[in-house]
Amino acid sequence: MTEPVTPREVVAGQARAIAAAWSPEDAPESWWLTAETLTAIAEEDVLLDLAAAIPADRLPPLLLGAAVAFLVQQRRPALVRFYPEPGGRQPPRDDGFRAELVEFARTERDALAELCATHRYQMNEVARCVDVLPVLAAIGEEDGRPLALVDLGTGAGLGLHLDRYHYNYRSEGHPDRTVGERSSAVQLTCEVRPGGAPPVPREPPVLADRVGVDVEPLDVADPHTYAWLAACVPSEAGAVTRFAAAADVARADPARSVRGNLLDVLGDVVASTPPDALLCLVDAYVHVFLPPTELRRFDQILGELGRDRDLEWISVDPLVPLGPEARESVQGLDVPAGWVQDVRRGGVFGVIGRVSIRGGLRSGSVLGRAHPGGSWLEWR
């Protein structure tokens, strides 16, 4: 009889998988700290014990990594020298990091446990806008109507300002393609892998309205909220700089947000948008965490909304939480067999999909896949 898998073994496996996503052969040197932190959580008893005590639905390895980063910034121990600051460079790899991290966790065990018990891991990676922008722009050019952007699971609302950022899509052997405000404080750069090229527009799409939906909308103007969200960002120089700049944009011009479960409030949110605008629902790393019953309910709501007005649903969601046997995206779209095999080998990426409803008729397609941190994009 097979021995049951313990919580420690489950969490260790999760931590190793996430660490592997941050340490492929071609990983930038700046990814080392994130990869090493997750590897330490998988291998060091004091860290693994803390992570294993966290409820499974709260993403234990990621939550503990955020708690460590938060406390390091608050306490400012010697360990802080390994962590990048916004606008700064990535501190170089140091073999002494692991031992200092373990000692810090041992000394601050109670404080870390308290943070994990009272907070949730809330990732607000603004670089995921590089995945959404080409799809939104293509929709805008095809349709001609201004767009009403509804960001599902918006968190701090950074994705609601995607038309105010500057984008640089780089392809080996081809000129860079750029779009957006060159003077923007938020500069997003993405490698386009060989294959098809995303439809990079000349200008960002025109937004007639923007509104975020979240069970707990997050106000980056609140110092504690900002500090916690900053800790949830991977400890990588580019990521922390992007987050700080995007948070400044959100603070300067807050977008409208609605508090509530998206299944309960989506109808009212849609009714509040301009009726002559094309409704564009966007979710990035949200729907993949919905239970099957809620996914089915969302699909039903989508059909009900589509009877009254045209709409688009853009999704960037990984297959991983759906299990190793997953063959469809959260939108019910078939995923290339090679991608399924990549997931089974430990690959972590978001599937970019588009579902359109026009006159009550639904169509959809998988458009590409992308790194969770926005570093690369592969178009079909």
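Residues numbered from 1 in each chain as written. Predicted model: local features only at pLDDT ≥ 70, side-chain atom pairs only at ≥ 80, totals over all residues. Heavy atoms only, no water.

Draft legend 1. Quick peek at the overall build of the protein chain. For the protein chain, the helix and strand inventory stands at twelve helices and eleven strands. Taking the principal axes of the C-alpha coordinates as reference, the protein chain spans close to 60 × 55 × 45 Å. Within the protein chain, the fraction of its 380 residues that count as buried is 53%. Long-range contacts, defined here as pairs at least 24 residues apart, represent 69% of the contacts in the protein chain between residues at least 6 apart. Within the structure as shown, the protein chain displays about 17100 Å² of accessible surface, and the carbon and sulfur contribution to it stands at 51%. Averaged over its 37 positive side-chain charges, the protein chain has a centre that lies 2 Å from the centre of its 55 negative ones. (Helix = DSSP H or I, 4+ residues; strand = E, 2+ residues; numbered from the N terminus. Buried < 20%, exposed > 50% of the residue type's maximum accessible area, 1.4 Å probe, protein only. Contact = heavy atoms within 4.5 Å. Areas by Shrake-Rupley, 256 points an atom, 1.4 Å probe, with all protein chains shown as cover. Lys, Arg positive; Asp, Glu negative; His and termini not counted. Charge placed at Lys NZ, Arg CZ, Asp CG, Glu CD.)

Draft legend 2. Structural detail: unusual backbone geometry. Unlike most non-glycine residues, Leu 59 shows phi in positive territory, near 55°. Tracing the backbone shows Leu 59 in the loop between helix 3 (45–52) and helix 4 (60–75). Overall, the relative accessible area of 28% leaves Leu 59 in the partly exposed class. The residue Tyr 285 is not glycine, and still its phi comes out positive at about 60°. Along the chain, Tyr 285 turns up in the loop between strand 7 (278–284) and helix 11 (292–306).

Draft legend 3. Local environment of helix 4. Look at helix 4: 22 Å from first C-alpha to last across 16 residues, which is about the 22 Å you get at 1.5 Å a residue. Of all 16 residues in helix 4, twelve are buried, a share of seventy percent or more. Within helix 4 the residues assigned to the buried category are Pro 60, Pro 61, Leu 63, Leu 64, Gly 65, Ala 66, Ala 67, Val 68, Ala 69, Phe 70, Leu 71 and Val 72. The inward-facing, buried residues of helix 4 contact helix 1 (7–21), helix 2 (32–43), helix 3, helix 5 (97–107), helix 6 (109–118) and helix 8 (223–232). (Expected span 1.5 Å × (residues − 1).)

Draft legend 4. View of the sheet that holds strand 11 (residues 376–379). The sheet built from eleven strands is open, its strands ordered 3-2-4-11-10-9-8-7-1-5-6 with mixed pairing. The sheet terminates laterally at strand 3 (177–180) and strand 6 (256–259), the two strands that pair on one side only. Adjacent strand axes in the sheet meet at a mean angle of 25°, parallel and antiparallel pairs treated alike. Here strand 1 (residues 147–152) runs beside strand 5 (residues 207–214); their pairing, made up of six bridges, is parallel. Within the sheet, the bridge partner assigned to Asp 151 lies in strand 5 and is Gly 212. Sheet contacts for helix 11: strand 1, strand 7, strand 8 (311–318), strand 9 (350–358) and strand 10 (361–370); angle to strand 8, the most-contacted strand, approximately 160°. The strands that helix 12 (residues 337–344) touches are strand 9, strand 10 and strand 11; relative to strand 10, the one it contacts most, it runs at about 50°. (Pairing = 2+ DSSP bridges. Axes fitted to C-alpha atoms, helices over the stretch in contact; angles between N-to-C directions.)

The analysis is restricted to geometry; functional conclusions fall outside its scope.
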